[in-house]
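# Analysis of the macromolecular model
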4 protein chains.
Amino acid sequence: MKKVAVLTAGGDCPGLNAVIRAIVHRFHDAGGEVVGLRLGYQGLAERAFLPLPLAAVSGFLTRGGTMLGTSAFDPTREPEGVERCRAALADEGIDAIIAIGGDHTMHISRKLVTEHGLPVVGVPKTIDNDIVGTDWTFGFDTAVHVATEAIDRLRTTAASHDRIIVLEVMGADAGWIAVHAGMAGGADAILIPELSLTVADIAAAIRKRHARGKRFSIVVVAEGALLRRDADDPGAQVLHEGGSGRYHFRRLGGIGEALALALEEELQVDTRAVVLGHVQRGGIPTSTDRILATRYGIAAAECALRGEFGGMVALRGGTYTTVPLADVHGIKTVDPETLRDLELLLV
Amino acid sequence: MKKVAVLTAGGDCPGLNAVIRAIVHRFHDAGGEVVGLRLGYQGLAERAFLPLPLAAVSGFLTRGGTMLGTSAFDPTREPEGVERCRAALADEGIDAIIAIGGDHTMHISRKLVTEHGLPVVGVPKTIDNDIVGTDWTFGFDTAVHVATEAIDRLRTTAASHDRIIVLEVMGADAGWIAVHAGMAGGADAILIPELSLTVADIAAAIRKRHARGKRFSIVVVAEGALLRRDADDPGAQVLHEGGSGRYHFRRLGGIGEALALALEEELQVDTRAVVLGHVQRGGIPTSTDRILATRYGIAAAECALRGEFGGMVALRGGTYTTVPLADVHGIKTVDPETLRDLELLLV
Amino acid sequence: MKKVAVLTAGGDCPGLNAVIRAIVHRFHDAGGEVVGLRLGYQGLAERAFLPLPLAAVSGFLTRGGTMLGTSAFDPTREPEGVERCRAALADEGIDAIIAIGGDHTMHISRKLVTEHGLPVVGVPKTIDNDIVGTDWTFGFDTAVHVATEAIDRLRTTAASHDRIIVLEVMGADAGWIAVHAGMAGGADAILIPELSLTVADIAAAIRKRHARGKRFSIVVVAEGALLRRDADDPGAQVLHEGGSGRYHFRRLGGIGEALALALEEELQVDTRAVVLGHVQRGGIPTSTDRILATRYGIAAAECALRGEFGGMVALRGGTYTTVPLADVHGIKTVDPETLRDLELLLV
Amino acid sequence: MKKVAVLTAGGDCPGLNAVIRAIVHRFHDAGGEVVGLRLGYQGLAERAFLPLPLAAVSGFLTRGGTMLGTSAFDPTREPEGVERCRAALADEGIDAIIAIGGDHTMHISRKLVTEHGLPVVGVPKTIDNDIVGTDWTFGFDTAVHVATEAIDRLRTTAASHDRIIVLEVMGADAGWIAVHAGMAGGADAILIPELSLTVADIAAAIRKRHARGKRFSIVVVAEGALLRRDADDPGAQVLHEGGSGRYHFRRLGGIGEALALALEEELQVDTRAVVLGHVQRGGIPTSTDRILATRYGIAAAECALRGEFGGMVALRGGTYTTVPLADVHGIKTVDPETLRDLELLLV
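This one's a predicted model, so the numbers in the text were calculated from it and none came from an experiment.

What follows deals with the interface of chain B and chain A. For an interface, size is often stated in terms of accessible area lost upon the parts coming together. Each partner contributes residues to the interface: chain B has 47 residues there, and chain A has 47 residues. Where chain B meets chain A, there are zero salt bridges. The interface formed by chain B and chain A includes 14 residue pairs in polar contact (both at pLDDT 80 or more). When residues of the side of chain B that touches chain A are traced back to their parent elements, those giving at least two are helix H5 (140–161), helix H8 (245–248), helix H9 (255–267) and strand S11 (271–275) of chain B. With 12 residues, the single largest contributor to the side of chain B that touches chain A is H5 of chain B. The residue makeup of the side of chain B that touches chain A, split by class, is 15 nonpolar, 19 polar and 13 charged.

What follows is the structure, given as structure tokens:
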């Protein structure tokens, strides 16, 4: 093993540069060489290389985003895509690819390994922590940190004005950020895809707070939750199908605003919505994410050095290991134990 | 001078509790007594008192919001409002009122002093820094700190995806937060009420960046800016009259989204909007704001102890002083020197 | 199960109040009652009770330290100590004790359960993460966060002046904080009790950096490491036996300064020492620690509600569980996998 | 004016890179050119140039330290020093020098201008805020922010253990950091060069707290304060002459430890010392410091563009201006108004 190519694909995430840095350190230590690919798999097909000697990754631990750029480019769906990739590997003497990305990237990588014999190692990446096969992904702790800090700040303004504040956080398919930030920030109600709570349920929780003399509340909602009025009228109950209007100008507003409006109507309490948006996915990673990213990078480099392809590095039960790329599909939702603990807190 | 009543009114602001704490410390030192009024002037008219001995303000330095609550209650517009206030003062033996609030509160306070002879000292409060008569208000530095941190985070995600990100910050009438956070965060374009920039101007600035190889941009917009397409067609040009849809569910979206949409159409570059909202006005104050709030509190207490009423404490040219409440009206916009420096940076 | 008493013992730690809050929430939910004991087991023997209704723990999630105070009081070594505790439980109708503390507290608790039949549940607490039986302890992530931020700041000043900066962090018996902060902060050398590195080894690593053109270095040392000059002269080599002079005014300086002095002599490079000290163990817990503390609190409350005594709640392999108090003794040092990854990074 | 050389000298400081960035932006805008000098004036004498086009300063706003390095090199004291500088300017076509440094650098710069006719503009730099001629220096707000955060963290550990914690902060000649951080953090006693407090005075203040039921205290001490036992025995009273043992391994301990020891002896209360050290002077600048540094940079560039030499840019009474370098000597101590407010708080 002499030369490895690294790419980042999909949405950006704090810790991507730390993974790259760790791979460079490990290969430097092993006497190998690392080259970066610009814009995901596109950089392989189009041979957009960036040499990555040790000096090039100085400062990468603390830098958010990815210095390589990203794309959703899928060589298996492009004309001559796989062939161009194979030729690039051969011509450049690249012995392995480390692909850092989400489930879409893992899916592409699996096809490249199993159908086309390319030497790929996967590294899971998502701030949402919803990728199957690993317990934790880097970027998630940073997103939770940012969302928790927001709740800490929102609490004082909500309390000063006896308001409800609804905070919409990321999580299109699973409620990991909402649950963790909500638990860490002491949210009073949480709406996530995993639990079929309705506006009526949340209003009931807030009424209980009012009865205890608490005149303000913080509600956290994952962008992908389904908003229903109550459970009794299944036909007419859907107020919002999830998804944030903030990110793509749908103009109808996202679920955070829909929920704020519904609560204001239901409870006749002054209500505000805050949509954190991209602030959750940028900037300096937390120490936890830097370590996780670094150790994923080392683990992936080890796989490449050993010539083990077709796996995704993973953290399972506290141990760094690999899982077959073929097993990485679907959505990892929040586990029942965490949900149970969460519900016990929402009194 | 034996007993002073303190109230907070208008929107909440980091540092309010620090002002209260400083007043309590100063009166404790002078052998006097402090009582808090709940919900602004309403707490005076309705005699909602909260005794504030030294022990009651422990921890107040770092606590955002206001422990007294706020309202927009105006005794001069309520039946028997002024009379009830006067009677409350007499019955409780209160010798002075310290009113912490924005220009509306200063306006009420001025009427109470000049038309009704009540003993009021004003303390300026606004995260927007746009109150006339003082150079700086507490809460502003915290808001700028939060907005700057957001820009720091957004920069890496914008750079990773070659995107434009529009950050909408508070500032309904003046661009102080946008200008300071934009300068501190290195924004590439800034839209504020004070400058009549158009979508065309901002697009031109971004095109200059593209020409220099910078494929991403951060644009900061104050919520109250006027959004116009370009300067050539004054009739049809207004895209948004300012104001944030985020806060009040207008459903049309705020200026941040309108600007993002316009830039995406104009430049055909992937664009996102982030609306910081109430995160800017809550939470632990910065050290700068704690000091400013503390010194305003001491200055106000000194006025009350000396029996000087009808003034608002102020920081002018680096010196703590007072200005007549009668002079506190209108909007303090960003000074020309700052705007000039800002424009020099936006290359 | 109707009434539980909670105590905190040993050194303070971010997250203690969050554990207490979670226990109060869980018992409130179950219709039970919680009483706090002042100053650890002393509060039981001396009946220093603090009622803890739901309202009493408002704001506890973000508050560092412990609202109950702590001590090292051991009822089994005090005259009539156990009898006084037993009588207090009976007289107050307390059905269970939840003891939050380190290995000393777990040791006391074990004796109280097995030798005296008292109903105790243990919760592990140490910022050092070195307690046996659980993978992670709350407070540790906050300590690592603080130490990592320090490294981030020290890096720029070291680089500006071509200096070596030695950062001494906590860790009397194990190097967890040093290893995690060092990995997250990108330290260039790390000295911990687990690895027998010498001044000569560290100097060699720094010389390698100099050879690569890096003129500054950050070295992290755990306070409890043994400082030896080199491995060749075992008799005369010990420069410092570990332990920080900072905390107890030994006047000889701690290991951080001893190491800085030795490196300056060895390398003739301007060197500085920074001793973080108690900053590591106070203040607002990170979101990770708030969650860990909260879930430990719920788990302990569950044990008490089920009448299961003699165990310590623990997080093992990602699962919340309990371990027998009898198994909690000794020091949990940093695992070999982490040490191996660390060494691979220190190139 | 076509080409300007920029240098940084003396101790590093958050915001130095932001000054450089602003100068580069301003000259770019004016069609000029900027070159950096490595290691202060040494880089001029030895022609160690670093070209600084716009692209070179990308990311400089948030980067602590100085990318140019620093030194205390004084051309007027080196053989042929001034001649070599003059020749370098002529040969390179450099029209102006912007020297960013402390009072020593301003002193050198004054000599170069008045005695040798070199075209120098000064920019004040010190985290200590004690340079004469300007109200505020960049880096100071960051240092205060770091020290205040430390107090916030130390408070909870002090309170949990009923301890006194002494925090030693920078400030060899003036107490600016101690006073501002102490006021922002709510310290219970502050020892600075400007006020002749003794151990007896501080112990008295702490005894007053004990009498009020407060069993813990935070004391902030500037490294350069003089520590005396009490005022009655002037001969034998000096316990420490100021200066921190931490930074230079004097082995006797700094004033922080000496004060902690003295208070522990005097009050028989468990006491700890924390010495912040270099953490105060590194890392990402606060938004306030970024703005101050940026505007100093623009102001200095304007001076150079106008051909005005011999002045130091300054912020006085809220206005950016210049003062003659000849007026910049001595120490600016904390103003009496601030000290008076501080004393009123220390009840």
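The discussion continues.
So, about the domain arrangement of chain A. All names here are of chain A. By domain assignment, chain A separates into domain 1 (3–139 + 285–327) and domain 2 (141–282). On the domain 2 side, the residues contacting the 14 residues of domain 1 number 14 residues. When the two sides are added together, the surface that domain 1 and domain 2 hide from each other amounts to roughly 1,100 Å², 54% of it contributed by carbon and sulfur. The interface formed by domain 1 and domain 2 includes one salt bridge. Linking domain 1 with domain 2 are eight residue pairs in polar contact (both at pLDDT 80 or more), by the criterion used here.

With that settled, the discussion passes to helix H1 (residues 16–29) of chain B. The terminal C-alpha atoms of H1 of chain B lie 20 Å apart, and with 14 residues this matches the ideal 20 Å at 1.5 Å per residue to within 8%. In terms of burial, H1 of chain B is largely enclosed, as 12 of its 14 residues are buried. For H1 of chain B, the complete set of buried residues consists of Leu 16, Asn 17, Ala 18, Val 19, Ile 20, Arg 21, Ala 22, Ile 23, Val 24, His 25, Arg 26 and Phe 27 of chain B. In this fold, the buried residues of H1 of chain B make contact with strand S1 (3–8), strand S2 (33–37), strand S4 (96–101), strand S5 (120–124) and helix H10 (287–306) of chain B together with helix H11 (336–345) of chain D. Remark: Gly 31 of chain B follows H1 of chain B within two positions and exhibits a positive phi of approximately 80°.

Attention now moves to the pairing of strand S2 (residues 33–37) of chain A. Residue and element names in this part refer to chain A. Across the five residues that make up S2, a large majority, four, are buried. One ladder, built from four bridges, connects strand S1 (residues 3–8) with S2; its direction is parallel. Along S2, the bridge assignment pairs Val 6 with Gly 36. In the classification by handedness, the crossover that spans S1, the intervening helix H1 (residues 16–29) and the parallel S2 is right-handed. Bridge analysis of S2 against strand S3 (residues 49–51) gives three bridges, and the strand direction is antiparallel.

Quick look at the pattern of salt bridges now. By the definition in use, this model includes 68 salt bridges over all chains. Between Arg 163 of chain A and Asp 270 of chain A there is a salt bridge, and its shortest N-O distance comes to 2.8 Å. You can see Arg 163 of chain A sitting in the loop between helix H5 (140–161) and strand S6 (164–169) and its partner Asp 270 of chain A sitting in the loop between helix H9 (255–267) and strand S11 (271–275), a full 107 residues away along the chain. Look at Arg 163 of chain A and you get buried, because its relative accessible area is 10%. On the basis of relative accessible area, Asp 270 of chain A is assigned to the partly exposed category, the value being 32%. For Asp 188 of chain D, the salt bridge goes to Arg 209 of chain D, with nearest N and O atoms at 2.8 Å. On the criterion of sequence distance, the pair formed by Asp 188 of chain D in the loop between helix H6 (176–185) and strand S7 (189–191) and Arg 209 of chain D in helix H7 (residues 199–211) is long-range, its members being 21 residues apart. Comparing Asp 188 of chain D with Arg 209 of chain D, the two get one shared label, buried. Connected via shared salt-bridge partners are Arg 26, Asp 29, Arg 295 and Glu 302 of chain A together with Arg 340 and Asp 341 of chain C.

Conventions used here
- Residues numbered from 1 in each chain as written.
- Chains lettered and ligands numbered in written order.
- Predicted model: local features only at pLDDT ≥ 70, side-chain atom pairs only at ≥ 80, totals over all residues.
- Heavy atoms only, no water.
- Contact = heavy atoms within 4.5 Å.
- Salt bridge = Lys/Arg side-chain N within 4 Å of Asp/Glu carboxyl O.
- Polar contact = N/O pair within 3.5 Å; in protein donor to acceptor, adjacent residues only side chain to side chain.
- Helix = DSSP H or I, 4+ residues; strand = E, 2+ residues; numbered from the N terminus.
- Nonpolar A, V, L, I, M, F, W, Y, C, P; charged D, E, K, R; others polar.
- Domains from an automatic or database assignment.
- Buried area = accessible area lost by both parts, 1.4 Å probe.
- Expected span 1.5 Å × (residues − 1).
- Buried < 20%, exposed > 50% of the residue type's maximum accessible area, 1.4 Å probe, protein only.
- Pairing = 2+ DSSP bridges.
- Right-handed = clockwise from strand over helix to strand, strands pointing away.

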